[in-house]
Amino acid sequence: MTLLAFHNVACDRGGRRLFAGLSFALRAGEAALLTGPNGIGKSSLVRLAAGLSAPAAGRIERGAPAALAGEAAALDLELPLAAALGFWAGLDGTRNRVEPALAAMGIDHLAEVPVRFLSTGQRKRAALARVIASGAGLWLLDEPANGLDTASVAALEAAIDGHRADGGAVLVASHVPVALPNAQDLRL
Ligand SMILES: Nc1ncnc2c1ncn2[C@@H]1O[C@H](COP(=O)(O)OP(=O)(O)OP(=O)(O)O)[C@@H](O)[C@H]1O
């Protein structure tokens, strides 16, 4: 089953063409690592994959719901962490996944701490826990290792491995090495 496919996609931003003719597909269990210099268009590609913007040319297919972890954590700063994640999980119908997601990212001890008190790395881990708890088949992770300590990068890698083993697919844009066994290499 194909979870994400780009067919001859072009992307324009601010009236400038960032890339064109891009085709790739992610099937169940697959991953792609997206790399390239600053400003080349990695985040723009991830936004296209999420359906947050439209391609200038070509076609994008999604075969499963997508969950995006980008620059902002998109969590209510005033709520305790578990409740902030629970808000999204409630919309996704996956409240039972919040606790295991917190544990997967090693932040279960912070469940009752308001999001505004979390450190940069803890917020990043919380944003990743939100994706893990979403139940979405397609994970779109834009610089997921930014601000993470070594143990948290390992936790992220383990979560990705588990998601792929469950038939999910993952697109990761990263400047920092993230171990993604047998991943497609997408270089912009
Ligand atoms: N809303 C926007 N309007 C106009 N130009 C934009 C907009 N968003 C991004 N751009 C431009 O599009 C280009 C690609 O940006 P993008 O964020 O996709 O790059 P990136 O490869 O993810 O970079 P980095 O490695 O620095 O995160 C940049 O030149 C950026 O200035």
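The numbers attached to residues start from 1 for each chain and follow its sequence in the written order. Only residues with pLDDT of at least 70 are given local features in this predicted model, and only at 80 or more are side-chain atom pairs given and counted; all residues enter the totals for whole chains, interfaces and linings. Excluding hydrogens and water, the side-chain values take into account all heavy atoms of the structure.

- Under an unreviewed UniProt entry, the protein chain has the name Heme ABC exporter ATP-binding protein CcmA and belongs to Sphingomonas spermidinifaciens.

1. Let's talk about the overall build of the protein chain
(1) Moving on: Under the scheme used here, helices are H or I runs from DSSP no shorter than 4 residues and strands are E runs no shorter than 2 residues, and both carry numbers assigned from the N terminus. The helix and strand tally for the protein chain stands at 5 helices and 8 strands.
(2) Moving on: Listed by position from the N terminus, the elements making up the protein chain come as β-β-β-α-β-β-α-α-α-β-α-β-β.
(3) Moving on: Atoms counted for the radius of gyration: C-alpha only. Globule rule: 2.2 Å times the number of residues to the power 0.38. Computed over C-alpha atoms, the radius of gyration of the protein chain comes to 16 Å, within 12% of the 16 Å expected from 2.2 N^0.38 for 188 residues, which places it in the range of a compact globule.
(4) Moving on: Taken over the C-alpha atoms alone, the protein chain extends approximately 45 × 35 × 30 Å along its principal axes.

2. Regarding the site of the ligand
(1) Moving on: In the neighbourhood of the ligand, 13 residues make up the surrounding shell, with Arg16, Gly39, Lys42, Ser44 and His175 lying closest.
(2) Moving on: Two N or O atoms count as a polar contact when they lie within 3.5 Å, although within protein this holds only if one can serve as hydrogen donor and the other as acceptor, and sequence-adjacent residues are included solely when both atoms are side-chain atoms. In the model, an oxygen atom of the ligand is placed 2.8 Å from a nitrogen or oxygen of the Gly39 main chain.
(3) Moving on: Contacts to the ligand include Ile40, whose backbone N or O atom sits 3.2 Å from an oxygen atom.
(4) Moving on: Note on areas: Shrake-Rupley, 1.4 Å probe, and residue coverage restricted to the protein chains presented here. Bound to the protein, the ligand loses 59% of the 640 Å² it would expose on its own.
(5) Moving on: At the level of elements, β2 (16–27) and α1 (42–50) are the ones that each hand at least two residues to the shell around the ligand. To be near a molecule or strand, a residue needs just one of its heavy atoms within 4 Å of it.

3. So, the UniProt feature "domain: ABC transporter" (unreviewed entry) in the protein chain
(1) Moving on: UniProt positions are given in the numbering used here, feature names are shortened, and annotations may be inferred rather than shown by experiment. Using the residue numbers shown here, the UniProt feature "domain: ABC transporter" (unreviewed entry) corresponds to residues 4–186.
(2) Moving on: Taken end to end, residues 4–186 is 32% helix and 27% strand, and its first and last C-alpha atoms sit 14 Å apart.

4. Looking at the pairing of strand β6 (residues 138–142)
(1) Moving on: Exposure is judged per residue with a 1.4 Å probe applied to protein chains only, and the accessible area is read against the type maximum: over 50% gives exposed, under 20% gives buried, and values in between give partly exposed. Counting buried positions along β6 gives 5 out of 5 residues, so the element sits mostly inside the fold.
(2) Moving on: Burial of the side chains of β6 extends over both faces: Leu138, Leu140 and Asp142 are buried on one face and Trp139 and Leu141 on the other.

5. Structural notes on the side chain of Arg164
(1) Moving on: Tracing the backbone shows Arg164 in helix α5 (residues 150–165).
(2) Moving on: When charges are tallied, Lys and Arg are placed among the positive residues and Asp and Glu among the negative ones, while His and the ends of the chain are skipped. By definition, a salt bridge exists where a carboxyl oxygen of Asp or Glu is found within 4 Å of a side-chain nitrogen of Lys or Arg. No salt bridge is formed by the buried Arg164. Its closest oppositely charged neighbour is Asp161, at 4.7 Å.
(3) Moving on: Two residues qualify as a contact provided that any one of their heavy atoms is within 4.5 Å of a heavy atom in the partner residue. With residues near it in sequence (within four places) discarded, Arg164 still touches Gly29, Glu30, Ala31, Val170, Leu180, Pro181 and Asn182.

6. A closer look at the nonpolar core
Across soluble globular proteins, nonpolar side chains show a tendency to be buried alongside one another.
(1) Moving on: Definition of nonpolar core: a set of buried residues of the types Ala, Val, Leu, Ile, Met, Phe, Trp, Tyr and Cys, connected through side-chain atoms within 4.5 Å. Leu75, Leu81, Met105, Ile107, Trp139, Leu141 and Ile160 are the most contacted members of the largest nonpolar core, which has 40 residues in total.
(2) Moving on: Counting residues per element, the ones that place at least two in this core are β3 (31–35), β5 (66–69), α2 (81–92), α3 (98–104), α4 (120–134), β6, α5 and β7 (169–173).
(3) Moving on: Take this core: its biggest share by element is 7 residues, from α4.
(4) Moving on: Here Trp139 is in contact with Ala67, Val131, Ile132, Ala159, Ile160, His163, Ala169, Val170 and Leu171, once residues within four sequence places are set aside.
(5) Moving on: Formed by 24 residues, the second largest nonpolar core is a distinct cluster that contains Leu26, Ala32, Ala49 and Ile60.

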